[in-house]
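Structural overview for review
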Amino acid sequence: MGKIIALHSYKGGTGKTLLSVNLAATYVKKGKNVCLLDLDFRAPSLHAVFKANNSEYWLNDYLNGVCEIDKVLVDVTQEHGRSGKFFVGLANPATEAIREMSAKDRKWEMRALGRLLSLKTSLLNDMHLDYVILDTSPGLQYSSINAIVSADVVLVVTSLDASDIKGTQRMTHELYDLFEKKTGILMNKVLAEILSSKKEKKKFYERFNNLHKLPILEALPCFCDVLRAGGTYIFSEEKLEHPFTKTLDKLATKIEKF
Amino acid sequence: MAVYKKLEGKSTRILEKIKESLDRLNEKMDVMIEIQKHDQKVNPEIPDVLDVMTLLSLPDHLRKTAVTLCKFGEATAEEVAEQTKRARAVESGYLNQLVIMGYLKKERRGRKAYFYVEKEG
């Protein structure tokens, strides 16, 4: 049985989308069948990465009950597949759609949760996918909490920013723990010198394990090469020997055993 | 005189019957008023929509039951108990509590009671 992984964070700009895309590509490289879903309806991003702006149906339509999930999924295996199949489900980037999604009432959100929960059957059981990766909106919002409830594993992306660390700690007690989710921390944009030696790295992991009371699955250094790519291509797909790609390979294996 | 007494006895019995009927009607009215009060919610801040914000506000033991039922869509207490690894009777109690709180609905089909959030369609 496959796994649904949600990437979430307290603050925006922590690197959720970059890590979601690259983690999905890493699993595809490993021969896994993967589906990546953009649940950030306030700031849709995946359409830009996969250059699929003219989808007939969006994830918005699936949650609105207009169509089933198979109509939404775009098969990008030909362009991005290596060994496994690769599907993406996009959020509608039109301003009108963003406005519409932010004005939904509680009853709609309740139904949306039901539709997200049923993805376990449609994607993992019926389509036999190995991983469904959910890229979410930051903070405590309906769409992201719905995603967290639907996920088997939650990866919290956090930076070294003090307000981000405090917010993440609060969300651990007031969100992830309450839903008894298997949760791991990804420390992103860590200064390279902090991870320069084994001793320093060990100290860093110990400090943040204690601080978050959650396992630190990986600490990813800030790579200029990744920034330079600017999201114009999938880094872990193109730069196979780069340390960022190697770190993601390690992370993917850790999540498999998590 | 005897006829008068007979008539008096008959009207007393009729009046007593009317009083009994009025009392029963009063009791029924009280129940209806209580039901209406419950429907309108004494505290209007408590919603009757089982969304994630409601799930977060529930006590831990009810949240586990409610999340499990959301995953099923519709289930019996036995099916929920299998998932939560708690006793069927315990889950039955929690599910009924969620019904009283207005978050779930219950339907009897034969000997089994089915709980659900909302009917499809």
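Note that this is a predicted model, so its numbers are computed, not measured.

**Some points on the overall build of chain B**
Per the secondary structure count, chain B includes five helices and three strands. Start at the N end of chain B and walk to the C end: the helices and strands fall as α-α-α-β-α-α-β-β. Expressed as a percentage of its 121 residues, the buried residues of chain B come to 19%. Pairs at least 24 residues apart make up 39% of the contacts formed inside chain B by residues separated by at least 6 positions.

**Focus: the confidence of the model for chain B**
All names here are of chain B. Taken residue by residue, chain B gives an average pLDDT of 84. The fraction at 70 or more is 78%. Element-level pLDDT for chain B is lowest in helix α1 (residues 2-40), with a mean of 73, against a maximum mean of 97 in helix α4 (residues 77-84). Confidence over residues 41-45 falls short of pLDDT 50; this stretch has two contacts with residues more than four positions distant or in other chains. Scored as a complex, the prediction yields pTM 0.85 and ipTM 0.88.

**Structural notes on the pairing of strand β7 (residues 182-190) of chain A**
All names here are of chain A. Pairing between strand β6 (residues 153-158) and β7: six bridges, direction parallel. Bridge pairing in β7 links valine 154 to threonine 183. One crossover worth recording links β6 to the parallel β7 by way of helix α10 (residues 162-176), and it is right-handed. One ladder, built from four bridges, connects β7 with strand β8 (residues 216-221); its direction is parallel. Bridged to leucine 186 within β8 is glutamate 218. For the handedness criterion, the β-α-β arrangement of β7, helix α11 (residues 198-212) and β8 is classed as right-handed.

Parameters at a glance
- Along each chain, the written sequence defines residue order, and numbers are assigned to residues from 1.
- Numbering of ligands from 1 and lettering of chains from A proceed in the order in which they are written.
- A pLDDT threshold of at least 70 governs which residues receive local features in this predicted model, and a stricter bar of 80 or more applies before side-chain atom pairs are shown or counted, although totals over entire chains, interfaces and linings include all residues.
- Helical segments are the DSSP runs of H or I of at least four residues, strand segments are the runs of E of at least two, and each set is numbered from the N terminus.
- Note on burial: count the other C-beta atoms lying within 10 Å of the residue's C-beta; 20 or more is buried, 12 or fewer is exposed, in between is partly exposed, and C-beta positions come from the backbone.
- Any two residues are considered in contact once their C-beta atoms, placed from the backbone, lie within 7 Å.
- Predictor confidence is given residue by residue as pLDDT, running from a minimum of 0 to a maximum of 100.
- In short, DSSP must find at least two bridges between two strands for them to pair.
- A clockwise path from the first strand over the helix to the second, with the strands pointing away from the viewer, defines a right-handed crossover.

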